[in-house]
Number of protein chains: 2
Amino acid sequence: MEKIESVQNPNIKQWLKLKTKKGRQQQQAYLLDGWHLVKEALRAQIDLQIILVTAEFKYQAEFEELKSAPIKTIEVSAAIAKRLSENPAPQGIFAIAAISSEPLNIPAQISGGWLLLDSVQDPGNIGTMVRTADAAGFAGVVFGEKTADLFQPKVVRAMQGSQFHIKLFKGRLVDWITRFKQQQIPVFGTQVSPQAVSYRQIKAQANLALIMGNEGNGMTDQLLEMTDRNLYIPILGQAESLNVAVAAGILMFYLHRVD
Amino acid sequence: MEKIESVQNPNIKQWLKLKTKKGRQQQQAYLLDGWHLVKEALRAQIDLQIILVTAEFKYQAEFEELKSAPIKTIEVSAAIAKRLSENPAPQGIFAIAAISSEPLNIPAQISGGWLLLDSVQDPGNIGTMVRTADAAGFAGVVFGEKTADLFQPKVVRAMQGSQFHIKLFKGRLVDWITRFKQQQIPVFGTQVSPQAVSYRQIKAQANLALIMGNEGNGMTDQLLEMTDRNLYIPILGQAESLNVAVAAGILMFYLHRVD
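Residues numbered from 1 in each chain as written. Chains lettered and ligands numbered in written order. Predicted model: local features only at pLDDT ≥ 70, side-chain atom pairs only at ≥ 80, totals over all residues. Heavy atoms only, no water.

1. A few points about the side chain of His256(B)
Residue and element names in this part refer to chain B. If you trace the backbone, His-256 turns up in the segment after helix H10 (244-255). Judged by relative accessible area, His-256 falls into the buried class, the value being 6%. Ignoring any residue separated from it by four or fewer positions in sequence, one finds His-256 in contact with Gly-112, Gly-113, Ala-136, Gly-137, Phe-138, Ala-204, Gln-205, Ala-206, Leu-208 and Leu-251. (Helix = DSSP H or I, 4+ residues; strand = E, 2+ residues; numbered from the N terminus. Buried < 20%, exposed > 50% of the residue type's maximum accessible area, 1.4 Å probe, protein only. Contact = heavy atoms within 4.5 Å.)

2. Considerations on helix H8 (residues 173-182) of chain A
Spacing of three or four residues puts side chains on the same side of an α-helix, whose turn is 3.6 residues. Residues and elements named next belong to chain A. Along H8, the residues classified as buried are Leu-173, Val-174, Trp-176, Ile-177 and Phe-180. Viewed along the axis of H8, the buried residues span an arc of 165 degrees, placing them on a single side of the element. Contact partners of the buried residues in H8: strand S6 (113-117), strand S7 (140-143), strand S8 (167-170), strand S9 (187-190), strand S11 (208-212) and helix H9 (221-224). (Arc of directions from axis to C-beta.)

3. With respect to the packing of aromatic side chains
Residue and element names in this part refer to chain A. In this structure the tally under the stated criterion is 18 aromatic pairs over all chains. Geometrically, the ring pair formed by Trp-176 and Phe-180 is tilted, given 6.1 Å between the ring centres and 40 degrees between the ring planes. Placement of the pair is Trp-176 and Phe-180 together in helix H8, with a separation of 4 residues, close to one helical turn. When its relative accessible area of 1% is taken as the criterion, Trp-176 is described as buried. Put simply, the rings of Trp-114, Phe-169, Trp-176 and Phe-180 touch in pairs and so form one group of aromatic residues. (Phe/Tyr/Trp six-rings, centres within 6.5 Å; stacked < 30°, edge-to-face > 60°.)

4. Concerning the packing of helix H6 (residues 123-135) of chain B against H10(B)
Residue and element names in this part refer to chain B. Orientation of H6 relative to H10, taken along the N-to-C sense of each, is 15 degrees, at an axis distance of 9 Å. Here H10 runs roughly parallel to H6, going by the angle between their axes. Here the hand of the crossing between H6 and H10 comes out right-handed. Contacts between H6 and H10 involve Asn-125, Thr-128, Met-129, Thr-132, Ala-133 and Ala-135 on the former and, on the latter, Val-244, Ala-245, Ala-248, Gly-249, Met-252 and Phe-253. Broken down by class, the residue content of the contact of H6 with H10 amounts to 8 nonpolar, 4 polar and no charged. (Axes fitted to C-alpha atoms, helices over the stretch in contact; angles between N-to-C directions. Parallel < 35°, antiparallel > 145°, perpendicular 65-115°, else oblique. Left-handed = near helix turned anticlockwise from the far one by under 90°. Nonpolar A, V, L, I, M, F, W, Y, C, P; charged D, E, K, R; others polar.)

5. Some thoughts on a positive patch on the surface
Taken together, the side chains of Lys154(A), Arg157(A), Lys154(B) and Arg157(B) present a region of like positive charge at the surface. Put simply, the parts of the chain that give the positive patch at least two residues each are helix H7 (153-159) of chain A together with helix H7 (153-159) of chain B. Mapped onto the elements, Lys154(B) comes out in helix H7. (Patch = residues over 30% accessible without salt bridge, like charges linked within 9 Å, V, L, I, M, F, W, Y side chains within 5 Å. Areas by Shrake-Rupley, 256 points an atom, 1.4 Å probe, with all protein chains shown as cover. Salt bridge = Lys/Arg side-chain N within 4 Å of Asp/Glu carboxyl O. Lys, Arg positive; Asp, Glu negative; His and termini not counted. Charge placed at Lys NZ, Arg CZ, Asp CG, Glu CD.)

6. Focus on the side chain of Glu40(A)
Following the sequence through the fold, Glu40(A) ends up in helix H3 (residues 35-43). By relative accessible area, which is 5% here, Glu40(A) ends up buried. Once residues lying within four places of it in the same chain are set aside, the contact partners of Glu40(A) are Gln160(A), Gly161(A), Phe164(A), His165(A) and Glu240(B).

7. Topic: the relation of the copies chain B and chain A
In screw terms, the move from chain B to chain A is a rotation of 180 degrees and a rise of 0.0 Å along the axis, fitting with an RMSD of 0.0 Å. What the superposition gives is, in effect, a two-fold axis relating one chain to the other. (Least-squares fit on C-alpha atoms with pLDDT ≥ 70 in both.)

8. Comments concerning the interface of chain B and chain A
On the chain A side, the residues contacting the 33 residues of chain B number 33 residues. Summing both partners gives a buried area of about 2500 Å² for chain B against chain A, and 59% of it is carried by carbon and sulfur. Per-residue buried area on chain B facing chain A is highest for Arg131(B), Leu236(B) and Phe253(B); these three make up 23% of the total on that side. The interface formed by chain B and chain A contains 4 salt bridges. Salt-bridge contacts for Glu240(A) lead to Arg43(B); the nearest nitrogen and oxygen are separated by 3.9 Å. Taken together, the links from chain B to chain A amount to 16 residue pairs in polar contact (both at pLDDT 80 or more). Contributions of two or more residues to the side of chain B that touches chain A are made by helix H3 (35-43), H6 and H10 of chain B. With 6 residues, H10(B) is the largest single contributor of residues to the side of chain B that touches chain A. Broken down by class, the residue content of the side of chain B that touches chain A amounts to 15 nonpolar, 11 polar and 7 charged. (Buried area = accessible area lost by both parts, 1.4 Å probe. Polar contact = N/O pair within 3.5 Å; in protein donor to acceptor, adjacent residues only side chain to side chain.)

9. What to know about unusual backbone geometry
If you check the backbone angles, Ser119(A) has positive phi at about 60 degrees while not being a glycine. Using a relative accessible area of 10% as the deciding quantity, one classes Ser119(A) as buried. At Gln160(B), a residue that is not glycine, the phi angle is positive and equals roughly 55 degrees. Tracing the chain through its elements places Gln160(B) in the loop between H7 and strand S8 (167-170).

10. Some thoughts on the pairing of strand S7 (residues 140-143) of chain B
Residue and element names in this part refer to chain B. Residue alternation in S7 divides its side chains into two sets, Gly-140 and Val-142 and Val-141 and Phe-143, and both sets are buried. With 4 bridges connecting them, strand S6 (residues 113-117) and S7 associate as parallel partners. The residue of S7 that forms the bridge with Leu-116 is Val-142. Of the crossover connections in this fold, the one passing from S6 over H6 to the parallel S7 is right-handed. Both S7 and S8 contribute to a ladder of 4 bridges, which runs parallel. Of the residues in S8, the one forming a bridge with Gly-140 is Lys-167. With respect to chirality, the unit in which S7 leads through H7 into the neighbouring parallel S8 is right-handed. (Pairing = 2+ DSSP bridges. Right-handed = clockwise from strand over helix to strand, strands pointing away.)

What follows is the structure in structure tokens.
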């Protein structure tokens, strides 16, 4: 197995650039950090360019599972692993996955549950919402214009591999909402406001779009005006609001029916 | 107004120690970072020892609200604010709040909703669950033995001031479960297992205890055997599990009825 010891190695320098948005755009790839994500990618038969392991990881039982994968594997030093990872104690396994360069147009026919993210900023919240949408049986998640980058390391960590299970799109939410309406799929916004409707008044549905807004400012006004209904979660205590990922979880599990 | 410019000032050195568990124990105090938390503490008439503001913060509208508060306020340099905060761009307002030294015994009469944390580790998850319990109208949260520290900065940030609205206890969960059972309050564990019962089979109740377990390993076996029912959230997609704070949110809002 090929070994790389130095963080100055030109390949390592390239891969470290995947931690930045510019690097990911230039190389059309992103980094998977940890066994859980690499395993999920292998299971989903994702196009992995390379796998990196530390010497220590080679003694772990999981390494046996890697041997059957037809992907080039390189050993890297612990110092390199530390640089590649966001985790202070990296597991010692990484993979580089391709970012699909397809245009990701809105599908001609849409059905199922769809989560739309309008200017959501916190990468942990975004990744957790993708994971929850997957768990709730949603068909896909659309990242609106001002939402943080899909493949940044903290988003990838929080997604826990759900990017291999459901469809992720980037797009203009105005266009998506228009398409949902053309297909008679109800579009629910969310709003911390007395003008909104309690989610408990809505019946579970097989097809729906749910929009979550920015952590501090909520959804943009233009989108609030395009929805069929804007929902809120009644606060029963004294908290001012819920964390956006928790609110999305409550709403997705309540509103979506899998037939 | 008194001013402190140097991070070497002995008071500042003391306050910086509040970022550690040992420092908080020795001083029986913790740090509130940001206007939202300080405002919530003032509203709740919490015993604040001191307020710290930067020169910049003094030009903000919020500073006017502070003037009427009968609490000693000191100006600190931007460099000090940066050291005190976990936030890369601190707002420039802090307060030191007392940690109650009461023994926090189990109340003689218990009612309402209670969230019990069994070995939950991630401070963001813990704080978010406290905030959600507050929003769901729960009466209190009990931090079990192996759960991360109540007043560490990341927990405090995620609680968003809910520590001023609901009761927080530390304790042995075995003792708490025993007390709930004595008072005929149902105790629900959570378990990612086919032996568990779907939460949708349970009716909403005014009084209940809900236990959430460790992010990786779930609840401890001893506690799983003490509960009335162990619940799970059916996963409708391919995700292996939900984030613990999202799961807690879905369960608290579904199971708890506020009369």
